[in-house]
Amino acid sequence: MKNTSFTLLALAGALMLAACGGSNNVRITEGTETIGNAPSGTLFTTKEASIVHVDLSGRLATIRNGNKFEDGAFLMVKDKDDGTQTGVLKALPKRATGLRTADVLEGRPDINDLVTRASDAEASRLSKIYRDAEQ
């Protein structure tokens with residue numbers, strides 16, 4: 001009986017580890033408040049472009065859903081909660097992956113901030129300030 005209990009316990013533990021082993025899906029969480037059975041935050045799906053990583057020392061941001069922007073486009077970054085502008089980016093050339101990178105030109109963009117294309121007037125103003133070097 002003792003061996004059977006130990007075997008069942010070991011089997012249950014192995015099944016739990018296998019179930020938690022991960023999947024090919026990407027889990028996106030937002031926030032820190034526990035909601036329902038979610039370990040932290042809320043699972044959500046979005047088609048909006050948003051910041052997923054920022055390296056302020058290298059002045060580089062990584063954008064989810066950013067492939068809709070053309071190479072070299074000026075991008076405005078806004079806080080998703082209150083809409084205040086947190087930065088200005090310039091899109092780098094597209095890569096084969098689903099993520100897009102951009103140079104951080106101004107401000108301090110943060111993870112989950114929303115990214116939109118700058119207006120024509122703003123892009124014109126920014127292109128006079130941030131010119132690319134001649135190649």
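Please refer to the structure higher up on the page.
Residues numbered from 1 in each chain as written. Predicted model: local features only at pLDDT ≥ 70, side-chain atom pairs only at ≥ 80, totals over all residues. Heavy atoms only, no water.

(A) Looking closely at the overall build of the chain. Along the backbone of the chain there are two helices and eight strands. Starting at the N terminus and walking to the C terminus, you meet the elements of the chain as α-β-β-β-β-β-β-β-β-α. By the burial criterion, 24% of the 135 residues in the chain qualify as buried. Contacts spanning at least 24 positions in sequence make up 50% of the contacts within the chain whose residues lie at least 6 apart. Summed over its atoms, the accessible surface of the chain is roughly 9600 Å², and 55% of this surface lies on carbon and sulfur atoms. (Helix = DSSP H or I, 4+ residues; strand = E, 2+ residues; numbered from the N terminus. Buried < 20%, exposed > 50% of the residue type's maximum accessible area, 1.4 Å probe, protein only. Contact = heavy atoms within 4.5 Å. Areas by Shrake-Rupley, 256 points an atom, 1.4 Å probe, with all protein chains shown as cover.)

(B) Structural context of the environment of Ala61. Here Ala61 is to be found in strand 4 (residues 60–64). Judged by relative accessible area, which is 0%, Ala61 ranks as buried. Separated by 41 residues in the primary sequence, Ala61 and Ala102 place their C-alpha atoms 5.3 Å from one another. Discounting chain neighbours no more than four positions away, the residues touching Ala61 are Ile51, His53, Val54, Leu89, Arg100, Thr101, Ala102 and Val104.

(C) Looking closely at the environment of Val77. When you line up the elements, Val77 lands in strand 5 (residues 74–78). Residues Val77 and Thr116, 39 residues apart in the sequence, show an inter-C-alpha distance of 6.6 Å. Sequence-distant contacts of Val77, defined by excluding residues within four places in its chain, comprise Ile51, Thr84, Gln85, Thr86, Gly87, Leu89, Pro109, Asp113, Leu114 and Val115.

(D) Expanded view of the side chain of Asp113. Locating Asp113 in the fold gives a position in the loop between strand 7 (99–107) and strand 8 (114–117). Buried charge Asp113 goes without a salt bridge, the closest partner of opposite sign being Lys80 at 8.0 Å. Within polar-contact distance, the side chain of Asp113 engages the backbone nitrogen of Asp110 at 2.9 Å. Non-local contacts of Asp113, meaning those with residues more than four positions away in its chain, are made with Ala49, Ser50, Ile51, Val77, Lys78, Asp79, Lys80 and Thr86. (Lys, Arg positive; Asp, Glu negative; His and termini not counted. Salt bridge = Lys/Arg side-chain N within 4 Å of Asp/Glu carboxyl O. Polar contact = N/O pair within 3.5 Å; in protein donor to acceptor, adjacent residues only side chain to side chain.)

(E) The arrangement of unusual backbone geometry in detail. Of note in this structure, Arg59 is not a glycine but carries a positive phi near 55 degrees. Locating Arg59 in the fold gives a position in the loop between strand 3 (50–55) and strand 4. Residues other than glycine seldom take positive phi values, yet Asn112 does so here, at roughly 80 degrees. One can find Asn112 in the loop between strand 7 and strand 8.

Keep in mind that these numbers describe shape and distance, not what the molecule does.
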